[in-house]
Amino acid sequence: MSTVTSLLSKILTDTKVCDMHGEFEATGVPVGEKTRWSPCPDCEAERIERSRERRHRKLIDHGGQVRLERAMEQAAIPKRYRTRTLDTYNAQTSGQKRALSSAKRFADSFEDALDTGANLIMTGRPGTGKTHLAIGIAHQAMREGYTAMFMTTMNAIRVVRETYRNGEKTERKAIQQLAEPDLLILDEVGVQMGTDSERKILFEIINARYENMRPMILISNLDVEGVRSFLGERATDRLREGGGRAIIFDWDSHRGGEF
Ligand SMILES: [Zn+2]
């Protein structure tokens, strides 16, 4: 825990000046010897707007279905899940109906989520349909021209860790790649060992997406408290910042809400 704590306590803030937009409050994260500062929020918003326009043009150019197929391959969505849309989720109980409507709300307001960086945590026992709904959200987002990526948390950690020996630059690149898609779904949060190094990598991924204001969906068999203590307080704060919500797949108590 000490590595994580010392890393986290070193987060800095400073007033920076953008040539275009003037002064802004930047947050800095130490990366090795240097500090990586968050970009001007106005420049960032313009950049996001430009790439959104580009994507929408691309979607129109290539035609829906073919592009969706390609998008799904790029999103690394396992074949088994490719037909799992929000429409094919069979909601019987009131708990399932609530989960579905929360997922729909998130998908319908995905454009807003990209402005605020809102996140979603899905918790509950295996086989309750968490992955189905998460992928259903990705489906809808991709149909609207956004990019998505699906992976297990262990894989995400491995992707970053494998770059370690190649130095800091490639490590940052790996984290940046995970921060790039409009939506990142991390499955199986909490089945890892929970070592300091795993936590540190997870925090860096979450923080990079936070800085880019890119939403995430975290799926876990732990309960919300378990996820929170697994990730650590600061990572949870980052997730919560944009107005994060939790969907709890617990059909006995039908609970849900803020996390
Ligand atoms: Zn600017």
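Keep in mind that what you see is a predicted model, and the values were worked out from it rather than measured.

So, how was this worked out
- Position numbers for residues start from 1 in each chain and track the written sequence from start to end.
- This being a predicted model, a pLDDT of at least 70 is required before a residue's local features are given, and a value of 80 or more before pairs of side-chain atoms are given or counted; all residues contribute to the totals for chains, interfaces and linings.
- Side-chain metrics in this entry use all non-hydrogen atoms of the structure; hydrogen atoms and water are not considered.
- For two strands to pair, DSSP has to find at least two bridges joining them.
- Each helix is a run of H or I in the DSSP string that is no shorter than four residues. Each strand is a run of E no shorter than two, and both are numbered from the N terminus.
- Whenever a helix is involved, its axis is fitted only over the stretch in contact; in every case the axis is a line through C-alpha atoms, and angles between N-to-C directions fall within 0 to 180 degrees.
- In this analysis a donor is any N, O or S atom within 2.8 Å of a metal ion (3.2 Å for sodium, potassium and calcium), and since water is not included, sites may seem incomplete.
- Four donors are marked tetrahedral only if all angles between them lie between 85 and 135 degrees, whereas four are marked square planar and six octahedral if opposite donors are more than 155 degrees apart and the other angles lie between 65 and 115; the remainder are marked irregular.
- Only protein chains enter the calculation, and the probe is 1.4 Å; a residue is then buried if its accessible area is under 20% of its type maximum, exposed if over 50%, and partly exposed in between.
- This arc is taken over the directions from the axis of the helix to the C-beta atoms.
- Should any heavy atoms of two residues lie within 4.5 Å, those residues are considered in contact.

Visitor: Residue-level account of the sheet that holds strand β2 (residues 22-31), with values.
Guide: What the three strands build is an open sheet, ordered β1-β2-β3; its pairing is antiparallel. Looking at which strands have only one partner, the edges of the open sheet turn out to be β1 (12-18) and β3 (34-37). Averaged over all pairs of adjacent strands, the angle between their axes in this sheet comes to 45 degrees, without regard to strand direction. In the sheet, β2 pairs with β3 via four bridges, with the strands oriented antiparallel. Looking across to β3, one finds that P30 is bridged to T35.

Visitor: Mind laying out the coordination of the zinc ion, listing which residues take part and the relevant values?
Guide: For the zinc ion, the protein coordination sphere consists of C18 (SG), H21 (ND1), C40 (SG) and C43 (SG), at 2.1 to 2.3 Å. Viewed at the metal, the four donor atoms of the zinc ion are separated by angles of 105 to 114 degrees, and the geometry they form is tetrahedral. On the basis of relative accessibility, which here comes to 28%, the residue C43 falls in the partly exposed class.

Visitor: How would you sum up helix α10 (residues 224-231)? Please name residues and give values.
Guide: Spacing of three or four residues puts side chains on the same side of an α-helix, whose turn is 3.6 residues. Residues of α10 that are buried: V224, G226, V227, F230 and L231. The arc that holds every buried residue of α10, seen down its axis, measures 160 degrees, which confines them to one face. Buried-residue contacts for α10 involve β4 (120-124), α9 (196-212), β7 (216-220), α11 (233-241) and β8 (245-249). Positive backbone phi, approximately 95 degrees, marks G232, located one or two places after α10.

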